[in-house]
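What follows is each chain in one-letter form.
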Amino acid sequence: MTKSMILHMASLSLMAGPLFAAAAETDATLPSCFIKDGDRVAFFGDSITAANAYCALTEQVFRHFHPEAKVTFMVNGYSGMTLAGTKLDMITGGDPNVVTIMMGMNDAGRAWSRGMPMAPVAAAYKAKLGTLVDELKAKDIQVVILTPTLSDATAGANLEGKARLMTEFGKACEEVAKEKSVHCVPVQSELEAYAATLPAPVVLRPDGVHPNARGHYQVARSLWQHLNFAGNLGGERSVGTAQPQLDVGLALATNMLPDDAETLAFTITTPKPVRATVTWSLGATRGKEALNLTGKDSWTLKLPPGMLPQTAGKSVTLVLDVESQGLRRVFVVDVFRKMVVRGKDGVATGTMADAQGRQVCTYQFRKTGKALLFEADVKKQELFQTNDYQSPWGRGDALTLYLDTREATKLSGLGFDGGVYQLWFRPQDKPVFSPGFYAYSGKFQPSVATAHGARTAAGYKVGLAFAEPAAERDFIGFDLQVITAEAIGKQTWNSLQSSDRPMFLFPGVFAIADLYGKLPGDSVSAASIFPDNL
């Protein structure tokens, strides 16, 4: 503990007070942290890694425990990459001395199809992984292999059987780690174990391949537990089994925050009374408080002024760890500033512009009878019809609507599950006009809505009619992108808003259509927590 650390000891009736500049205290009884001061750490993988969600959170949790460590993190992720196509310099870009490798999803998708034997594909995967490990070790680079996340065949028939092959890839990872004397983190099995604890219709891979934010956060949790981030930086590098977790729950008292909020209110639950220490960090700002927990307690964290985002599309991440008698549990709180499209009498209308400020489309949400209608009127005279139906956006003109139809208390929650969807239109003129509706991700995709569309004098109009439960909501979470094509394969993506988080992972960044004008102002703050009490 440094001299600059100020401990604020208070009862639960008080708010967390003064800040301190030092780290969360590391635990000398734990194995030492795998990452050391001065390390250059590279995350290597495919599009899952390139999304920089589990990577970013892994770094944030490391800096929560070791804010003064001079460690560089980098993401060497390549969308669509296979292990078979991997070159050494793709992994070692940025000159790391520590690398993690998580690959296999695209190998399973391209090297195998139903009816083919799996053993040769798994053997080739293992051989290539072993070769890469040898090459990395020859450069004196520390290697941590992550068993790859599985696919989910319930999202599409084209994924049938691939999870079984990915399981074989996971076994190959463990075998290579043992044979080559490197390290392995069981991301795959722990993600599946976590998925088994979640109630329906919560899913971790809404498109059957890519984990959502909740899935990425579980991958990061495997890393911070097995790489012993709570341990000190001295001693040997250690990758071990996940340490037992403190039996404590942390829930947000509310997910929607007042405009002038400088506090976060929580409910803390424990199976029995216990004295615990809560340490929190938000970037370089941090604090600590000792609490006497009685079983179910209210606790309010007061933050310095201006810490929470004030501009729509911006977000912050708060890391908290609760420790008692050598056991701890880490929680992650995201706070998003959400754009609000204020409506009246059940109608909310807005416009979108391109980078030059030219209007691209108008859109509207409207309640009518027992239905909720969405319509977008796009300005685009000449349509370029996609000739690629493998990717949801194709290679021509398109429009995508992200939709969160959950009740208001869950609008910022993690994950594309239940009533959260990504819906596509790929309009075409030939042989007749069609809106080209395609429900890409979300529960019960085919029956989510009835689509319609038409050609207009200025371009085209597409729309959806939603029944319950969307029709019952006064607030609809949404985001919108219009893709305009100048030719097949030459697309420009126009977005409703800019955001510092990828909307395909974090529904917390979605705008809110306020159908009755109940929210003040043109933006509002909302929060989510991981792990959440579902």
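Model, not experiment: these values are computed from the prediction. (Residues numbered from 1 in each chain as written. Predicted model: local features only at pLDDT ≥ 70, side-chain atom pairs only at ≥ 80, totals over all residues. Heavy atoms only, no water.)

Comments concerning the side chain of Gln 428
The topology assignment puts Gln 428 in the loop between strand S20 (420-425) and strand S21 (437-441). A distance of 3.3 Å separates the side chain of Gln 428 from the backbone oxygen of Lys 430, its partner in a polar contact. Apart from the residues within four sequence positions on either side, Gln 428 is in contact with Gln 385, Tyr 389, Phe 433 and Ser 434. (Helix = DSSP H or I, 4+ residues; strand = E, 2+ residues; numbered from the N terminus. Polar contact = N/O pair within 3.5 Å; in protein donor to acceptor, adjacent residues only side chain to side chain. Contact = heavy atoms within 4.5 Å.)

As for the sheet that holds strand S10 (residues 263-269)
Spatial ordering of the open sheet is given by S8-S10-S13, a layout of three strands whose pairing is antiparallel. This sheet does not close on itself; its edge strands, each paired only once, are strand S8 (249-252) and strand S13 (296-302). Between one strand axis and the next, the sheet turns by 30 degrees as a mean value, whatever way the strands run. Where S8 and S10 come together, four bridges link them in antiparallel fashion. Bridge pairing in S10 links Ala 251 to Thr 267. (Pairing = 2+ DSSP bridges. Axes fitted to C-alpha atoms, helices over the stretch in contact; angles between N-to-C directions.)

So, the nonpolar core
Core analysis: the biggest nonpolar cluster contains 87 residues, and Ile 35, Tyr 54, Leu 129, Ile 145, Trp 224 and Phe 229 have the highest contact counts within it. The residues contacting Ile 145, other than those within four sequence positions of it, are Ile 101, Leu 129, Val 133, Cys 173, Val 176, Ala 177, Val 182, His 183, Cys 184 and Val 185. By size, the runner-up hydrophobic cluster in this structure holds 36 residues, among which are Ala 376, Val 378, Ala 471 and Leu 480. (Core = buried A, V, L, I, M, F, W, Y, C linked by side-chain atoms within 4.5 Å. Buried < 20%, exposed > 50% of the residue type's maximum accessible area, 1.4 Å probe, protein only.)

Notes on the environment of Val 75
Within the fold, Val 75 resides in strand S4 (residues 72-77). Taking C-alpha positions, Val 75 is 6.7 Å from Ala 50, a pair spaced 25 residues apart along the chain. The contacts of Val 75, once residues within four sequence positions are left out, are Phe 43, Thr 49, Ala 50, Asn 52 and Cys 55.

Quick word on the sheet that holds strand S3 (residues 40-45)
A sheet is described by the order of its strands in space; here five strands give the open sequence S4-S3-S5-S6-S7, paired in parallel fashion. Every other strand in the sheet has two partners, leaving S4 and strand S7 (183-185) as the edge strands with one partner each. Neighbour to neighbour, the strand axes of the sheet diverge by 20 degrees on average, direction disregarded. Here S3 runs beside S4; their pairing, made up of six bridges, is parallel. The residue bridging Phe 43 from the neighbouring strand is Val 75, located in S4. Along the sheet, helix H2 (residues 54-65) makes contact with S3, S4, strand S5 (98-102) and strand S6 (142-146), crossing S4 at roughly 170 degrees.

Considering the pattern of salt bridges
On inspection of all chains with the given rule, the structure shows 19 salt bridges. Across the pair Glu 175 and Lys 126 runs a salt bridge, and its minimum N-O distance is 3.0 Å. Here Glu 175, found in helix H6 (residues 162-180), pairs with Lys 126, found in helix H5 (residues 119-138); they are 49 residues apart in sequence, far enough to count as distant. The exposure class of Lys 126 is partly exposed, given its relative accessible area of 23%. Put simply, Asp 404 and Arg 406 hold a salt bridge, and the shortest N to O gap is 2.9 Å. A single burial state applies to Asp 404 and to Arg 406, both of which are buried. What you see here is one network of salt bridges that share partners, running through Lys 126, Glu 175 and Glu 179. (Salt bridge = Lys/Arg side-chain N within 4 Å of Asp/Glu carboxyl O.)

A few points about the packing of helix H7 (residues 187-196) against helix H8 (residues 213-226)
Where H7 meets H8, the closest approach of the two axes is 10 Å, and the angle between their N-to-C directions is 125 degrees. If you check the angle between H7 and H8, you find them oblique. As for how H7 packs across H8, the hand of that crossing is right-handed. Contact residues: Val 187, Glu 190, Leu 191 and Tyr 194 in H7; Arg 214, Gly 215, Gln 218, Val 219, Arg 221, Ser 222 and His 226 in H8. Residue composition of the contact of H7 with H8, grouped by class: four nonpolar, four polar and three charged. (Parallel < 35°, antiparallel > 145°, perpendicular 65-115°, else oblique. Left-handed = near helix turned anticlockwise from the far one by under 90°. Nonpolar A, V, L, I, M, F, W, Y, C, P; charged D, E, K, R; others polar.)

Remarks on the pairing of strand S25 (residues 490-495)
Two strands pair when backbone bridges link them, and strand S24 (residues 475-487) and S25 are joined in this way by six bridges, in the antiparallel orientation. Its bridge partner lying in S25, Gln 481 is registered against Ser 495. Hairpin connection between S24 and S25: a loop of two residues separates the two successive antiparallel strands, and Gly 489 in this loop has a positive phi of roughly 90 degrees.

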